[in-house]
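# Examination of the molecular architecture
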Amino acid sequence: MLVAPSILAADLGHLAEAVSAAEEGGADWIHVDVMDGQFVPNLTFGADVIRAVRRVTSLPIDAHLMVVRPEQYFDEYVDAGATGVTIHVEAAPHLHRQLQRLGELGVVAGVALNPGTSLAALDAVWEAAGLVLVMSVNPGWAGQAFLPGSLERLRSARARIDELPVDSRPYLQVDGGITAANAAAVARAGADVLVSGSGVYGGDPRSRIEAIRSAAEEPEPSRP
């Protein structure tokens, strides 16, 4: 189980310290939410923040592009230090070509789906993706509550991924409202990567990452 703290919920006045605290707490990736104020109403980070994060950590940087025309940013974000770039199926009419381009750039090519988007939108690209992100909130803001229907979507995505050849299976990531309280449920639904913003940065990042990971790795209770 991989834990990827989202700096969207961090104290941006102390970004270096926030990233370092996550790394010291055992984070596997650092998740950077890029929003353009068009695809989603919020406006957040650019390539300069990716560079700033890269200067203070050697962890993989997972850039989640919630933007229109994401392809125009690929080279810039990879050059800034992103090791994975995730785009939204809703913003990518040429999805297969864009995932191929990310692969050519040598990064994990990710594709995200909003809660209202059918998994069928990925029918042509499962094997082209290095990561599939199931959003468990409607994107745009930190601190939202996990949508319970996301568990069934994760189970369906997991089943589809497990049908692929082993060397073609993407990571299954979930993002939105992830805390120690629901980490076990999302892990059992099949997620490989848990993105958590407020669940990590709403307190001490070190102890919260440990709590999320411990919950996610708990064995499923035996049934009577």
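Sequence order as written defines residue numbering, which begins from 1 separately in each chain. A pLDDT threshold of at least 70 governs which residues receive local features in this predicted model, and a stricter bar of 80 or more applies before side-chain atom pairs are shown or counted, although totals over entire chains, interfaces and linings include all residues. With hydrogens and water set aside, each side-chain value is computed from the structure's full complement of heavy atoms.

## A few points about the overall build of the protein chain
Applicable threshold: Helix numbers and strand numbers start at the N terminus; a helix is a DSSP run of H or I with at least 4 residues, a strand a run of E with at least 2. Only C-alpha atoms enter the radius of gyration, while the globule expectation follows 2.2 Å times N to the 0.38, with N the number of residues. Each residue is placed in one exposure class: buried if its accessible area under a 1.4 Å probe, protein chains only, is under 20% of its type's maximum, exposed if it is over 50%, and partly exposed if it falls in between. Residues are treated as being in contact if the distance between any of their heavy atoms lies within 4.5 Å. Using a 1.4 Å probe, the Shrake-Rupley method yields the accessible areas, and only the shown protein chains count as cover for residues. Charge convention: Lys and Arg are scored as positive, Asp and Glu as negative, and His as well as the terminal groups of each chain are ignored. Taken as the charge location is NZ of Lys, CZ of Arg, CG of Asp or CD of Glu.
What the protein chain contains, in helices and strands, is 8 helices and 8 strands. Here the C-alpha atoms of the protein chain give a radius of gyration of 16 Å, agreeing with the 17 Å that 2.2 N^0.38 yields for 224 residues. Within the protein chain, buried positions represent 53% of all 224 residues. In the protein chain, of all internal contacts separated by at least 6 residues, the share reaching a separation of at least 24 is 64%. Split by element, the accessible area of the protein chain, about 9,700 Å² in all, is 50% carbon and sulfur. Here the protein chain carries 16 positive and 28 negative side-chain charges, and the mean point of each set is 2 Å from the other.

## Some details on the pattern of salt bridges
When charged atoms on two side chains of opposite charge get close, those side chains can pair. We count it as follows: Here, a salt bridge means any side-chain nitrogen of Lys or Arg that lies within 4 Å of a carboxyl oxygen of Asp or Glu.
According to the stated counting rule, one finds 10 salt bridges in the structure shown. Residue Arg 206 pairs with Glu 24 through a salt bridge whose shortest N-O separation is 2.9 Å. With Arg 206 in helix H8 (residues 205-216) and Glu 24 in helix H1 (residues 15-24), this pair connects stretches of sequence that are 182 residues apart. The partner of Arg 158 in a salt bridge is Asp 162, with the nearest N and O atoms 3.2 Å apart. In this pair, Arg 158 and Asp 162 both sit in helix H5 (residues 150-162), 4 residues apart, roughly one turn of the helix. Under the relative-accessibility criterion, Asp 162 is labelled partly exposed at 39%. Within this structure, Glu 24, Asp 204 and Arg 206 form a network of salt bridges that share partners.

## What about the nonpolar core?
Just so we agree on the cut-off: Put simply, buried Ala, Val, Leu, Ile, Met, Phe, Trp, Tyr and Cys residues joined by side-chain atoms within 4.5 Å make one nonpolar core.
Ranked by size, the top nonpolar core spans 71 residues in total, and within it Ile 7, Leu 65, Val 85, Leu 95 and Leu 194 carry the most contacts. Once residues within four sequence positions are removed from consideration, Ile 7 is found in contact with Leu 12, Leu 15, Val 19, Ile 30, His 31, Val 32, Phe 45, Val 49, Val 53 and Tyr 201. In terms of nonpolar packing, the next biggest core, distinct from the first, is built from 9 residues, Trp 29, Ala 112, Leu 131 and Met 135 among them.

## Notes on the sheet that holds strand S4 (residues 84-88)
Stated precisely, the cut-off is as follows: Two strands are said to pair when DSSP picks up at least two bridges between them. Every axis corresponds to a line fitted to the C-alpha atoms, with the helix fit spanning only the stretch in contact, and the corresponding angles, defined between N-to-C directions, vary from 0 to 180 degrees.
Taken in spatial order, the 8 strands line up as S1-S8-S7-S6-S5-S4-S3-S2 in an open sheet, and their pairing is parallel. The sheet is open, and its two borders are formed by strand S1 (2-5) and strand S2 (30-35), each paired with just one other strand. Going from strand to strand, the sheet's axes swing by 25 degrees on average, the running direction of each strand aside. Strand direction decides the pairing type here: S4 and strand S5 (residues 108-113), joined by 5 bridges, are parallel. The partner of His 88 across the bridge, within S5, is Ala 112. Relative to S5, helix H4 (residues 95-104) is tilted by about 145 degrees, and along the sheet it contacts S4 and S5.

## Some remarks on H8
For the record, the criterion: In a helix, the anticipated span is given by 1.5 Å times the number of residues less one. Note: the arc covers the axis-to-C-beta directions of the helix.
Between its terminal C-alpha atoms H8 stretches 16 Å, which fits the 16 Å expected from 12 residues at 1.5 Å a residue. When H8 is considered as a whole, its buried residues turn out to be Pro 205, Ile 209, Ile 212, Arg 213, Ala 215 and Ala 216. Viewed end-on, H8 has its buried residues packed into an arc of 165 degrees, placing them on one side of the element. Turning to H8, the residues buried within the fold contact S1, H1, helix H6 (183-188), strand S8 (193-196) and helix H7 (198-201).

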